[in-house]
There are 2 protein chains.
Amino acid sequence: MSSPSPTSRIAGTRRSHEISIADIARVAGVSHTTVSRALRDSPLISQETRKRIQQLALEMGYTPNAIAQSLQTRRTSTIGLAVTSIADPFLSEVVRGVEEIARSAGLSVFLSATHNDPEQEIAVIETFHRRRVDGILVASSRITGEYKQRLDQIRVPTVLINSQAESQYELLHSVAVDDLLGARLAVEHLLALGHRAIGYVGTSSRPRSCRQRLEGYQAALASAGLAPREEWVTIMAAEEASPQEDVLCGRRALLSQLSAGVTAIFCQNDMMAIGILMACHRRGIAVPHELSVVGFDDIEMASCIIPPLTTVRQPRIELGRLAMQVLLDLLHEQEGRNHVLAPMLVVRESTAPPPAL
Amino acid sequence: MSSPSPTSRIAGTRRSHEISIADIARVAGVSHTTVSRALRDSPLISQETRKRIQQLALEMGYTPNAIAQSLQTRRTSTIGLAVTSIADPFLSEVVRGVEEIARSAGLSVFLSATHNDPEQEIAVIETFHRRRVDGILVASSRITGEYKQRLDQIRVPTVLINSQAESQYELLHSVAVDDLLGARLAVEHLLALGHRAIGYVGTSSRPRSCRQRLEGYQAALASAGLAPREEWVTIMAAEEASPQEDVLCGRRALLSQLSAGVTAIFCQNDMMAIGILMACHRRGIAVPHELSVVGFDDIEMASCIIPPLTTVRQPRIELGRLAMQVLLDLLHEQEGRNHVLAPMLVVRESTAPPPAL
DNA sequence: CCGCTGCTTGCACACGTGTGCATTAGCAGT
DNA sequence: ACTGCTAATGCACACGTGTGCAAGCAGCGG
């Protein structure tokens, strides 16, 4: 089950000592200043010595100490990324987009999870500040007014991704998807299929997107001249904001939706829609012939599931890329812009006209 | 679509100046040494001044500079985590386990993607080294002999997670799941259901796990007295090691498996099994009644799909936690141990006895 | 020969924090 | 009063790198 570790190293190489520009300087018979300049290709140093020192650095296995550089230059080339849940398939893609752009700009990424808890979110951000990151990205931020003060201390360029805080503050920048538009697209699709009794299932763990998608849902109904009914709307209480929790919410929400007599359900996200699908499977309800289901996000899984899920695509990787790009602009002293991305309806096989009466 | 950024700050607060212990010392009328000691609760400082300075630090909004601390103490309290793909649902959980343990130990995590490319893997590790991380974790490492030399320079405690390199080197520590055992469990399950013609579908993008699972598959067949047949084994060529790529491999592999006349298929991982399921759905093949399918990993999606997938569960979060724990042991100068975790069969609804002849 | 210019190099300091050693003050014992 | 001891504090240096300024050297025109 286990084997002992290798502890001894090649003798003669002193384990502890990382070589520095001072070491190179000693060997080359110059000052550490010259080495520093030579390695940065400074025109102040003659071509000849430059080459010689660079060659020497290579031979001696020199690796610049980014810590010392950071202390001197007051830039760490590092950003912090806070997400509610690392294993969430939606956020995974956002993280991927962020890392992609960050790396191509020479920045490293600190990743930390907040578990949808404002207290932990603050703690994570304070850790980022201690480490003197150049910028901060927060996905699905729960920061509210009471925490705002504690953050005012920290003067670090920050961009929010799909912020869940009800009141945006103007100090921060943001990138988000247009929830209201997305919800309208989904519900209009159901209306066009002929549905007249359409339910909405959301969760309290992401209050802002829940509210905005509900508003879009209501707006679409209103445009079609349908009166909203309270029993068509199910908001599940939840704190955790994890994929497992979302599936569970979906499964539990099916009953009250069925008793409300809807022929189609629009869900706040794909995981909840999958919960609905699973509950339907258990109860022998055929989707889409007896009930239509629409999700939100278009996570990878949505196209793999049977039946493939009709949903609203959030440009997830783009969201991450764009947020990072905005942060880069801020770091280059340019004026950052807030962006709202348009989502897109993806029709698959979980929606159909309502069953004939 | 966009709005201008807030640029002006509250007047009077100098944006640029982060306050340091020297600033506190000036205000308190003591030396920076005393402040440093007071903040670290050194017994050298009197109770009285200690309290006074800590209070002052709080009022002045002091945040310790981790960069300067790192330079002095030669420890960054930082680790690097390299993964092939950030959006991979398997790795997401591993990352989550790692971050969980790291954070509770006061360490921050650098995350970077290698895209299954040894060249990029080296580059990522070199970046980690420049930043002087205290330790490194690599998931699904592709490091082979030719790169080994370049890594010997870097003397940083390193733990590999499910290494894909064919030849382990003894310099590094590792944590892995027992692929051979997992494959045997899966195939023995199919044999017990009565299957005699069982296929294996793998991908060349993860050579080691592919080979080991193939060996487990062959061992199980041999134990049952069945001769292995070449046409039962399909290895898809792939480089990328992304979830999308895996699904595609599965979809493409179905045809050759069907023409080989198998009644059950064991897949190298869940995403490939999902590809098989999707291809079956298109062609109207009923799973599990006409064909049984078994996956590997037990990712979240496996239980959400219809039919729920029979698969071999890798303890993913445990894998991440354990790897981080081993790294912590190494950092505390304890002797690290290599671990092999046992996987577990999870029977769901994608397997059944073979169709009657 | 002098002064000027351009090229190359080094000195000395800065970044913010931690720590070995010396210093001072206070106090008790003889 | 002198010695010895403890508690509290500060000095000075270290960590590894970047940079303003001065200095040295060579060449060149006057």
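Here's what I pulled together on the structure shown here. Within every chain, residues take consecutive numbers counted from 1 along the sequence as written. Chains and ligands are labelled by the order in which they are written, letters from A for the one and numbers from 1 for the other. Under the rules for a predicted model, residues below a pLDDT of 70 receive no local features and side-chain atom pairs below 80 are neither given nor counted, while totals for whole chains, interfaces and linings still include all residues. Only hydrogens and water are set aside; all other atoms, that is, all heavy atoms of the structure, feed into the side-chain values.

## A closer look at the nonpolar core
- Side-chain atoms within 4.5 Å are what join buried Ala, Val, Leu, Ile, Met, Phe, Trp, Tyr and Cys residues into a set we call a nonpolar core. Three labels apply to residues, based on accessible area from a 1.4 Å probe with only protein chains included: buried if under 20% of the type maximum, exposed if over 50%, partly exposed otherwise in between. The biggest cluster of nonpolar side chains holds 160 residues, and the ones touching the most others in it are M324 of chain A together with M324 of chain B.
- Residue contacts are defined here by distance: any two heavy atoms, one from each residue, within 4.5 Å place the two residues in contact. For M324 of chain B, the residues in contact, after removing those within four places along its chain, are I79, V98, I101, A102, L107 and L137 of chain B.
- Counting residues in each nonpolar core, the second largest holds 32 residues, with I154 of chain A together with I125, I154 and L172 of chain B among its members.

## Concerning the interface of chain B and chain A
- Counting residues at the interface gives 71 residues for chain B, matched by 71 residues for chain A.
- Summed over both partners, the accessible surface that disappears when two parts come together, traced with a 1.4 Å probe, is what is meant by buried area. Both sides of the chain B and chain A interface together cover about 7100 Å² of buried area, and 54% of this is carbon and sulfur.
- Counted as salt bridges are all cases of a side-chain nitrogen of Lys or Arg within 4 Å of a carboxyl oxygen of Asp or Glu. Residue E18 of chain A pairs with R132 of chain B through a salt bridge whose shortest N-O separation is 3.9 Å.
- Identification of polar contacts relies on pairs of N or O atoms within 3.5 Å, with a donor-acceptor requirement for protein atoms, meaning one able to donate a hydrogen and the other able to accept it, and with residues adjacent in sequence counted only if both atoms are side-chain atoms. There are 29 residue pairs in polar contact (both at pLDDT 80 or more) connecting chain B and chain A.
- Among the elements of the structure, helix 4 (66-73), helix 5 (89-104), strand 2 (108-113), helix 6 (118-130), helix 11 (270-283), helix 12 (300-304) and strand 11 (339-341) of chain B are those that each provide at least two residues to the side of chain B that touches chain A.
- Three classes are used, and their members are as follows: Ala, Val, Leu, Ile, Met, Phe, Trp, Tyr, Cys and Pro are nonpolar, Asp, Glu, Lys and Arg are charged, and the others, Gly among them, are polar. For the side of chain B that touches chain A, the per-class residue count stands at 27 nonpolar, 27 polar and 17 charged. Only DSSP runs of H or I reaching four residues or more are called helices, and only runs of E reaching two or more are called strands; each is numbered from the N terminus.

## Brief notes about the packing of helix 8 (residues 179-193) of chain A against helix 9 (residues 207-223) of chain A
Residues and elements named next belong to chain A.
- Interaxial distance between helix 8 and helix 9 falls to 7 Å at its minimum, and their mutual angle equals 40°. With respect to each other, helix 8 and helix 9 are oriented oblique. In the packing of helix 8 onto helix 9, the handedness of the crossing is right-handed. In this structure, helix 8 uses D179, L180, A183, R184, V187, E188 and L191 to contact helix 9, whose residues at the interface are S209, Q212, R213, E215, G216, Y217, A219, A220, L221 and S223.
- Taken together, the residues that form the contact of helix 8 with helix 9 break down as 8 nonpolar, 4 polar and 5 charged. Inter-axis angles, ranging from 0 to 180 degrees, are taken between N-to-C directions of lines fitted to C-alpha atoms, where helices are fitted over the stretch in contact. Roughly parallel means an angle under 35 degrees; roughly antiparallel means over 145; roughly perpendicular covers 65 to 115; every other angle is labelled oblique. Crossings are sorted by hand: turned counterclockwise from the far helix by less than a right angle, the near helix makes the crossing left-handed, and turned clockwise it makes it right-handed.

## Remarks on the sheet that holds strand 7 (residues 233-236) of chain B
Residues and elements named next belong to chain B.
- The strand order 7-6-8-9 describes an open sheet built from 4 strands, whose pairing is parallel. What marks the edges here is a single partner per strand, and that holds for strand 7 and strand 9 (292-294). The sheet shows a mean angle of 15° between the axes of neighbouring strands, direction not considered.
- Across the sheet, helix 8 (residues 179-192) is in contact with strand 6 (198-203), strand 8 (264-267) and strand 9; its angle to strand 8 comes to roughly 170°. Two strands pair if DSSP finds at least two bridges between them.

## Examining the protein's contact with DNA strand C
- Near DNA strand C lie 26 residues; those nearest to it are T34 and Q72 of chain A together with S36, R40 and Y62 of chain B.
- Backbone sugar and phosphate groups make up 60% of those atoms of DNA strand C lying within 4 Å of the protein.
- Within the side chain of R37 of chain B, a nitrogen or oxygen atom sits 2.9 Å from a base oxygen of DNA strand C.
- One of the side-chain nitrogen or oxygen atoms of R40 of chain B is found 2.7 Å away from a phosphate oxygen of DNA strand C.
- Where the surface near DNA strand C is concerned, the elements lending two or more residues are helix 2 (32-39) and helix 4 (66-73) of chain A together with helix 2 (32-39) and helix 4 of chain B.
- Tallied by class, residues from the surface near DNA strand C come to 8 nonpolar, 14 polar and 4 charged. Think of it this way: one heavy atom of a residue within 4 Å of a molecule or strand is enough to make that residue near it.

## Comments concerning the relation of the copies chain B and chain A
- Overlay of chain B on chain A (RMSD 0.0 Å): rotation 180°, translation along the axis 0.0 Å. As the rotation angle and translation indicate, the two copies are arranged about a two-fold axis.
- An overlap of 100% is found between the interface residues of chain B and their copies at the interface of chain A, pointing to a shared contact surface. Each copy is superposed on the other by least squares, with the fit set by C-alpha atoms of residues at a pLDDT of at least 70 in both.

## Describing the packing of helix 10 (residues 243-259) of chain B against helix 11 of chain B
Residues and elements named next belong to chain B.
- The interhelical angle for the contact between helix 10 and helix 11, taken along N-to-C directions, is 55°, at an axis separation of 7 Å. It follows from the interaxial angle that helix 10 and helix 11 lie oblique. The way helix 10 lies across helix 11 gives a crossing that is right-handed. Contact residues: helix 10 offers P243, D246, V247, C249, G250, R251, L254, L255 and L258, while helix 11 offers M271, M272, G275, I276, M278, A279, C280, R282 and R283.
- When the residues that make up the contact of helix 10 with helix 11 are grouped by side-chain class, the tally is 12 nonpolar, 2 polar and 4 charged.

## Comments concerning the protein's contact with DNA strand D
- If you check the shell around DNA strand D, you find 25 residues, and the closest are S36, R40 and Y62 of chain A together with T34 and Q72 of chain B.
- Of what DNA strand D places within 4 Å of the protein, 59% of the atoms are sugar or phosphate.
- Within the side chain of R37 of chain B, one N or O atom sits 3.2 Å away from a base oxygen of DNA strand D.
- At the level of secondary structure, the elements contributing two or more residues to the surface near DNA strand D comprise helix 2 and helix 4 of chain A together with helix 2 and helix 4 of chain B.
- Per-class residue counts for the surface near DNA strand D are 7 nonpolar, 14 polar and 4 charged.

## Let's talk about unusual backbone geometry
Residues and elements named next belong to chain A.
- Put simply, I306 and P307 share a cis peptide bond, and its omega is 0°.
- Here P307 shows up in the loop between helix 12 (300-304) and strand 10 (311-313).
- The backbone phi angle of R74 is positive, close to 60°, even though this residue is not glycine.
- Relative accessible area serves as the criterion here: at 70%, R74 is assigned to the exposed category.
- The phi dihedral of A241 falls on the positive side, at around 60°, and the residue is not glycine.
- Residue position: A241 is located in the loop between strand 7 (233-236) and helix 10 (243-259).
- A241 sits in the buried class, given a relative accessible area of 1%.

None of this, on its own, says anything about what the molecule does.
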